[in-house]
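A structural walkthrough
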Amino acid sequence: MDKLLDSSKKSFGDWGTALSTNDLMLNIRKNLSDNGFQKGNSRLVFSVCPDDVNRLEEIDTVENSITKKYNGEFHLGGLGAYPMGGVSGIIAASHHPPEDTMGDDHKHGNLIFFVSPHMGIAIDDAGNELYGKILRPGQTKLTNSCGAMMGFLVALKECGSPEAFTIAADTTNTDPTRIALHYELINNYSDRLKAILSVENSNQQVVDLFKLNYDVVMNKINQMINIFLEKEKEHFKGKIALIGGIIINVPGGDRFVLKEISYP
Ligand SMILES: [Zn+2]
């Protein structure tokens, strides 16, 4: 029995499919190979938070499983999985996939986007599940996961509403992801933020926050892919796969809530 997987299933309901890393890999590999995407003809493009918990060696992580299987990644993601690499990053990545040599003609290689915010679940001394928290390797105190989004939630609660939230200026231009992420959240998702503030159960509030994090990142990625395809239609002849969901950082290794695998 996998208590944390069951808990993720219950919390996310029909939003997505909660899977072990193993089952996720079986699912991804079958789906991608059925659609012609292989290690030898594709490059991974990741939009995942830089937080080391997603790729530490001593943790059985989703990211390590996928990159091991598909030979590394081009990384677009900033804090909160926000795709800071942008259209320029996607254009750069589009010049990197190995050519498809499986048929008679050499064809342009493909891009496999993997887009995922991450959310921790910790267990406190009384056995309660604390969403948005993790116990990191070598530490004894709980910390936030994802720190960028949980920090934003704390600040938003202190302000009481998206309207009262002031995005602190970055006059030295030294904190670009925070500005981009907060700008997007406050200016384009204020109704969703109000709904999140009104949720009383703290674990459910965190689940709703990460569903929003997913939508922010996925909408932005889709917008970037559309601009990329329009700009590079003469150059890029490969195919695109898009895998989206939420990494669940829990003791004993990641779980994953799979939202979609699509071929835009
Ligand atoms: Zn993070």
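Residues numbered from 1 in each chain as written. Predicted model: local features only at pLDDT ≥ 70, side-chain atom pairs only at ≥ 80, totals over all residues. Heavy atoms only, no water.

So, on to the overall build of the protein chain. Counting secondary structure elements, the protein chain contains eight helices and ten strands. A compact globule built from 264 residues would reach a C-alpha radius of gyration of about 18 Å, and the protein chain, at 19 Å, matches this within 12%. Across its three principal directions, the C-alpha atoms of the protein chain cover 60 × 50 × 35 Å. Here the contacts in the protein chain between residues at least 6 apart in sequence split such that 67% fall between residues at least 24 apart. Total accessible area computed for the protein chain in this model is approximately 12300 Å², and 49% of it derives from carbon and sulfur atoms. Taking the average location of the 26 positive side-chain charges in the protein chain and that of its 33 negative ones, the two points are 2 Å from each other. (Helix = DSSP H or I, 4+ residues; strand = E, 2+ residues; numbered from the N terminus. Rg over C-alpha atoms; globule rule 2.2 N^0.38 Å. Contact = heavy atoms within 4.5 Å. Areas by Shrake-Rupley, 256 points an atom, 1.4 Å probe, with all protein chains shown as cover. Lys, Arg positive; Asp, Glu negative; His and termini not counted. Charge placed at Lys NZ, Arg CZ, Asp CG, Glu CD.)

Once that is clear, we can look at the environment of Leu242. Of note, Leu242 is situated in strand S9 (residues 240-249). The exposure class of Leu242 is buried, given its relative accessible area of 1%. Spatially, the C-alpha atom of Leu242 lies 30 Å from that of Leu197, the residues being 45 residues apart in sequence. (Buried < 20%, exposed > 50% of the residue type's maximum accessible area, 1.4 Å probe, protein only.)

Looking now at the coordination of the zinc ion. Around the zinc ion, the protein contributes the donor atoms Cys49 (SG), His118 (NE2) and Cys146 (SG), at 2.1 to 2.3 Å from the metal centre. As a motif over one chain, the donors of the zinc ion read C-x68-H-x27-C. One end of the pair, Cys49, is in the loop between strand S2 (42-48) and helix H3 (62-70); the other, His118, is in strand S5 (residues 118-123), with 69 residues separating them in the sequence. As far as burial versus exposure is concerned, Cys49 and His118 are alike and both buried. (Donors = N, O, S within 2.8 Å, 3.2 Å for Na, K, Ca; no water.)

Attention now moves to the packing of aromatic side chains. Overall, the coordinates contain seven aromatic pairs when judged by the stated rule. Each ring, one from Trp15 and one from Tyr214, has its centre 5.1 Å from the other, and the planes form 85 degrees; the classification is edge-to-face. Of the two residues, Trp15 sits in the loop between helix H1 (3-12) and strand S1 (17-20) while Tyr214 sits in helix H8 (residues 202-231), which places them 199 residues apart along the sequence. Judged by its relative accessible area of 2%, Tyr214 falls in the buried class. Aromatic ring contacts, followed pair by pair, group Phe12, Trp15 and Tyr214 into a single cluster. (Phe/Tyr/Trp six-rings, centres within 6.5 Å; stacked < 30°, edge-to-face > 60°.)

A few words now on H3. Every buried residue belonging to H3 is among Val62, Glu63, Ser65, Ile66, Thr67 and Tyr70, and all of these are buried. Contact partners of the buried residues in H3: helix H2 (21-34), S2, strand S3 (74-75), strand S4 (110-116), S9 and strand S10 (255-262). Just downstream of H3, Asn71 is the residue with a positive phi angle, here 70 degrees.

Here we take up a nonpolar patch on the surface. Residues Leu130, Leu135 and Leu142 make up a contiguous nonpolar surface patch of roughly 230 Å² in combined accessible area. Following the sequence through the fold, Leu135 ends up in strand S7 (residues 133-135). (Patch = residues over 30% accessible without salt bridge, like charges linked within 9 Å, V, L, I, M, F, W, Y side chains within 5 Å. Salt bridge = Lys/Arg side-chain N within 4 Å of Asp/Glu carboxyl O.)

By size, the foremost hydrophobic cluster in this structure holds 54 residues, and its most contacted members are Phe113, Met119 and Phe210. Tallying contributions element by element places H8 first for this core, with 13 residues. In contact with Phe210, not counting residues within four places along its chain, are Pro117, His118, Met119, Ser145, Cys146, Met149, Met150 and Ile246. One finds Val48, Val62, Ile66 and Ile261 within the second-largest nonpolar core, a separate group that totals 20 residues. (Core = buried A, V, L, I, M, F, W, Y, C linked by side-chain atoms within 4.5 Å.)

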